[in-house]
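# Examining the three-dimensional arrangement
Each chain, letter by letter, is given below.
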Amino acid sequence: MFTGLIEEVGVLRGVSTGGEVMVLKIAASVIMDDLKIGDSVSVNGVCLTATTLGDHFFTVDVMPQTYRNSNLKELRAGSKMNLERAMASGGRFGGHIVQGHVDGIGTIKSVKRDQNAVVFEVSPDVKSMFKYIIPQGSITIDGISLTVVNTTSSSFSVSIIPHTLGETVLAFKRAGDSVNIECDVLGKYVDHLLHYGSAAQNEEDKPSGISRDFLAANGFV
């Protein structure tokens, strides 16, 4: 589990590909302090596993599922990426619950300055994500824990403070670039519980659990 607070911006030193499989060699310094083989690392918001360690670098494998559903396939040698180690037990929880399980890719529609902040408008490629994207709710963009400012029928906006902009890859992003999006996991669990079993053909197939009728009957909705 991660918090969405980026520890450093790493640089891709090398990439090997074979079909929809990738091996990334990532240069880093801060996170190398206690990184071990087998540890989880968030790379642009994608939870990956460190497979080898070297002098100020580590490698990770990217499997087909991750390749298809994230923007990692767009990386080239020299690309910068957000890095965060898994949350340590007893550490400060400064962002929100981030799993590193990307829901899809979004395209930056515009980048506009608003006094000391910069507002990014993003259009998700997977429209079903909108049910989890709510104003003032949490969202993860390329691994960064952010707050949704507002939404439209086709996009949402986040406002970035100077510190976050300067310490993440968002400083290099422009309109037309892609970003990885992970919606708040709490909303996804609630949605799953509310709809689980709703398509069952008969009562025998239908599992017991939370439903809208159950919530209404017990005064929750």
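See above for the structure.
Below: a short report on this structure.

Take the side chain of D191 next. Tracing the chain through its elements places D191 in helix α3 (residues 185-195). For D191, a relative accessible area of 16% gives the class buried. At 3.3 Å, the side chain of D191 forms a polar contact with the side chain of K131. Excluding residues within four positions of it along the chain, D191 makes contact with K131 and Y132.

Here we come to the environment of R13. Tracing the backbone shows R13 in strand β1 (residues 8-18). Residues in contact with R13, not counting those within four places in the same chain, are K25, A27 and A77.

Considering all chains together, one arrives at zero aromatic pairs under this definition. Positioned above the aromatic ring of Y67 is the side chain of K73, whose terminal nitrogen or guanidinium carbon lies 5.9 Å from the ring centre. In this arrangement the basic side chain of K80 is found over the ring face of F172, its NZ or CZ atom lying 5.0 Å from the centre.

Around the barrel, six strands lie side by side as β7-β8-β11-β10-β9-β12; this closed barrel has antiparallel pairing. With strand direction ignored, the average angle separating the axes of adjacent strands in the sheet is 45°. As judged from the four bridges shared by strand β9 (residues 138-141) and strand β10 (residues 144-151), these two strands associate in the antiparallel manner. When the bridges of β10 are listed, I141 appears paired with I144.

Bringing the pairing of strand β6 (residues 80-85) into the picture now. Buried residues dominate β6, accounting for five of its six residues. Both β1 and β6 contribute to a ladder of four bridges, which runs antiparallel. Within β6, the residue paired with G10 across the bridge is M81. As defined by bridge partners, strand β3 (residues 40-43) adjoins β6 across three bridges and the pair is classed as antiparallel. Among the inter-strand pairings, V43 is bridged to a residue of β6, identified as L83.

Let's shift gears to the side chain of S123. Structurally, S123 can be placed in strand β8 (residues 117-124). From its side chain, S123 meets the backbone oxygen of S154 in a polar contact 3.0 Å long. In this structure S123 touches G106, T107, K109, S154 and S155, once residues within four positions along its chain are discounted.

Moving on: the environment of C47. Turning to its location among the elements, C47 is positioned in strand β4 (residues 46-54). A relative accessible area of 28% places C47 in the partly exposed class. Along the sequence, C47 and H192 sit 145 residues apart, while their C-alpha atoms lie 22 Å from each other.

It is worth spelling out the sheet that holds strand β2 (residues 21-27) at this point. Reading around the barrel, the six strands line up as β1-β2-β5-β4-β3-β6 and close back on themselves, with antiparallel pairing between neighbours. Here the average twist between neighbouring strands, direction ignored, is 45°.

Note that soluble globular proteins tend to have their nonpolar side chains buried in a common cluster. Counting residues in hydrophobic clusters, the biggest one holds 22 residues, and the most contacted among them are L24, I26, V43, F58 and L83. Secondary-structure elements contributing two or more residues to this core are β2, β3, β4, β5 (57-62) and β6. Those residues in contact with I26 that lie beyond four places of it in its chain are V11, L12, V43, H56, F57, F58, V60, M81 and L83. Among the nonpolar cores identified, the runner-up in size contains 20 residues, and I133, I144, L170 and I181 belong to it.

Criteria and cut-off values
Residues numbered from 1 in each chain as written. Predicted model: local features only at pLDDT ≥ 70, side-chain atom pairs only at ≥ 80, totals over all residues. Heavy atoms only, no water. Helix = DSSP H or I, 4+ residues; strand = E, 2+ residues; numbered from the N terminus. Buried < 20%, exposed > 50% of the residue type's maximum accessible area, 1.4 Å probe, protein only. Polar contact = N/O pair within 3.5 Å; in protein donor to acceptor, adjacent residues only side chain to side chain. Contact = heavy atoms within 4.5 Å. Phe/Tyr/Trp six-rings, centres within 6.5 Å; stacked < 30°, edge-to-face > 60°. Lys NZ or Arg CZ within 6 Å of the ring centre and 35° of its normal. Pairing = 2+ DSSP bridges. Axes fitted to C-alpha atoms, helices over the stretch in contact; angles between N-to-C directions. Core = buried A, V, L, I, M, F, W, Y, C linked by side-chain atoms within 4.5 Å.

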